[in-house]
Amino acid sequence: AAKRMGSGGAVVFQDSLHQTALTALRTEQDMFLAIQRDEFVLHYQPIVATATGATMGFEALVRWKHPERGLIPPLDFISLAEETWMIVTLGRWIMETGIAELATWRDRDLTLAINVSPRQLGSGDFAGAVRAALHRAGIEAPRVTIEVTEGALMDRAAVAQLHELRAIGCRIAIDDFGTGYSSLAYLRHLPIDIIKIDRSFVTPLGSAPGVDRFFDAIVGLARTLDLRIVAEGVETVQQLRSVKAARCDAAQGYLFSKPLGADERQSRYPGSRPVNSDGAA
Ligand code: C2E
Ligand code: MG
Ligand code: MG
Ligand code: MG
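All values derive from a computational prediction rather than experimental measurement. Note on numbering: residues in each chain are counted from 1, in written sequence order. Chains carry letters and ligands carry numbers; both start at the beginning, A for chains and 1 for ligands, and go up in the order they are written. Only residues with pLDDT of 70 or above have their local features reported here, since the model is predicted, and side-chain atom pairs are shown and tallied only from 80 upward, although totals for entire chains, interfaces and linings are computed over all residues. Note that the side-chain values use all heavy atoms of the structure and ignore hydrogens as well as water.

Caption draft 1: Geometry of the coordination of the magnesium ion (ligand 3). The protein atoms that coordinate the magnesium ion (ligand 3) are Asp175 (OD), Asp176 (OD), Glu232 (OE) and Glu232 (OE), at distances spanning 1.8 to 2.8 Å. Spacing between the donor residues of the magnesium ion (ligand 3) along their common chain follows D-D-x55-E. In this model, the magnesium ion (ligand 3) sits 3.8 Å from the magnesium ion (ligand 2), the two metals being bridged by aspartate 175. You can see aspartate 175 sitting in strand S6 (residues 171–177) and its partner glutamate 232 sitting in the loop between strand S8 (228–231) and helix H11 (237–245), a full 57 residues away along the chain. Note on exposure labels: buried denotes an accessible area under 20% of the residue type's maximum, exposed denotes more than 50%, and partly exposed covers the range between, all computed with a 1.4 Å probe on protein chains only. Looking at aspartate 175, the relative accessible area reads 7%, which means it is buried. Note that water is not among the atoms considered, so a metal site may appear incomplete; the donors listed are N, O and S atoms within 2.8 Å of the metal, with 3.2 Å applied to Na, K and Ca. Going along the chain from the N terminus, every DSSP run of H or I of four or more residues is numbered as a helix, and every run of E of two or more is numbered as a strand.

The structure is reproduced here in structure tokens:
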């Protein structure tokens, strides 16, 4: 609020801090109730193979359907959920809901990527909970990718869980790659299958030769480590061309689709229908 008021004095600043604290507190209480009231929903964004254009799977992205405030994006509540440890409960719900939803998809080859925060990964037996959820849903572990940011790699407990998850058969992806402190050399010692190159490297593609060369170098290096590479935030045909030229395995972004509600996803991606007795699809 202080920012919007422009040149505010100390009083305005303090007042805005107070407001922020109040809002945070309210959101924390709201969040606790919201889990019980089932106000969170998952949206699903396709991840597309660059070589064929085929949809390989979807990333689950949480939203809060607030009764008064409308649809709240994750950036407005995930960090608060992390600070208050609410993420452990919320994250469990996200993981279980996503896997249960995956079990309803007709196409049995589709994968689901689930975002997991470091705190959630480091507390309790997350890998055990994933194993149980997979078992309940009858889903093979390799169809599930766990996305973590580079920050999770700094936490011992989180890394131990990543090893567990990989032992179960889940895939591990590093999200927003390039925005943190980890180098590809460091990743070499970690249980990782996929890197998702952050949108900030994808957005400027095609605008200058140096930009594409840099991107090509990251992809090339990742390839030497046997990692699959996903480009995030592809919005234009131009960017897709560069992503293909760099030989990225997959791409994700508004060019293909925005994240879709579960029903919208089902109707847009009905999957292969069972062939009926007339032989018609
Ligand atoms: P992320 O995991 O990197 O997810 C990608 C974000 O980029 C999503 O924003 C998605 O809607 C957005 N996006 C996709 N394609 C494009 C594009 O072409 N252009 C632009 N400008 N944006 C695009 P969203 O859903 O608002 O999520 C933001 C972040 O919140 C996520 O970044 C992730 O870090 C976090 N998040 C979302 N869902 C979850 C969750 O279930 N659990 C946890 N722990 N974090 C989550
Ligand atoms: Mg992600
Ligand atoms: Mg990302
Ligand atoms: Mg991102």
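Now that the structure is up, let's keep going.
Caption draft 2: Focus on the coordination of the magnesium ion (ligand 2). Every protein donor of the magnesium ion (ligand 2) is accounted for by Glu59 (OE), Asn115 (OD1), Glu147 (OE) and Asp175 (OD), and the metal-donor separations fall at 2.0 to 2.2 Å. Counting along the primary sequence, the residues that act as donors to the magnesium ion (ligand 2) give the motif E-x55-N-x31-E-x27-D.

Caption draft 3: Quick look at the pattern of salt bridges. The salt bridge definition used is simple: a Lys or Arg side-chain nitrogen within 4 Å of an Asp or Glu carboxyl oxygen. For the coordinates displayed, the defined rule picks out six salt bridges. Of the charged contacts in the structure, one is a salt bridge between lysine 196 and glutamate 147, with a shortest N-O distance of 2.6 Å. Here the residue lysine 196 occupies a position in strand S7 (residues 194–197), and glutamate 147 occupies one in strand S5 (residues 144–149), the gap between them amounting to 49 residues. Among the salt bridges present, the one from arginine 166 reaches aspartate 193, with a minimum N-O distance of 3.0 Å. Of this pair, arginine 166 sits in helix H7 (residues 156–168) while aspartate 193 is found in the loop between helix H8 (184–187) and S7, placing the two residues 27 residues apart along the sequence.

Caption draft 4: Molecular detail of the pairing of strand S2 (residues 55–66). For S2, a buried count of nine out of 12 residues is recorded, marking the element as mostly surrounded by other parts of the structure. Inspection of the sheet shows S2 paired to strand S4 (residues 111–115) by four bridges, in the parallel sense. The partner of glutamate 59 across the bridge, within S4, is alanine 113. When DSSP finds at least two bridges between two strands, those strands are taken to pair. Relative to strand S3 (residues 70–72), S2 is paired through three bridges, and the arrangement is antiparallel. What sits directly across from tryptophan 64, in S3, is isoleucine 72. Between S2 and S3, which pair antiparallel and follow one another directly, the connecting turn spans three residues.

Caption draft 5: Region of the structure containing the packing of helix H6 (residues 126–137) against H7. With axes taken as lines fitted to C-alpha atoms, and helix axes fitted only over the stretch in contact, angles between N-to-C directions fall between 0 and 180 degrees. Axis separation between H6 and H7 bottoms out at 8 Å; the angle between their running directions is 25°. With respect to each other, H6 and H7 are oriented roughly parallel. Considering how the two elements wind past one another, H6 and H7 form a crossing that is right-handed. Across the interface between the two elements, Phe126, Ala127, Val130, Arg131 and Leu134 from H6 touch Gln161, Glu164, Leu165 and Ile168 from H7. The residue classification treats Ala, Val, Leu, Ile, Met, Phe, Trp, Tyr, Cys and Pro as nonpolar and Asp, Glu, Lys and Arg as charged. All others, Gly included, are polar. Of the residues assigned to the contact of H6 with H7, the class counts are six nonpolar, one polar and two charged. Working definition: roughly parallel below 35 degrees, roughly antiparallel above 145 degrees, roughly perpendicular at 65 to 115 degrees, and oblique for all remaining angles. Here a crossing is taken to be left-handed if its near helix is turned anticlockwise relative to the far helix by less than a right angle, and right-handed if that turn runs clockwise. Whether two residues are in contact is decided by their heavy atoms, any of which lying within 4.5 Å being enough.

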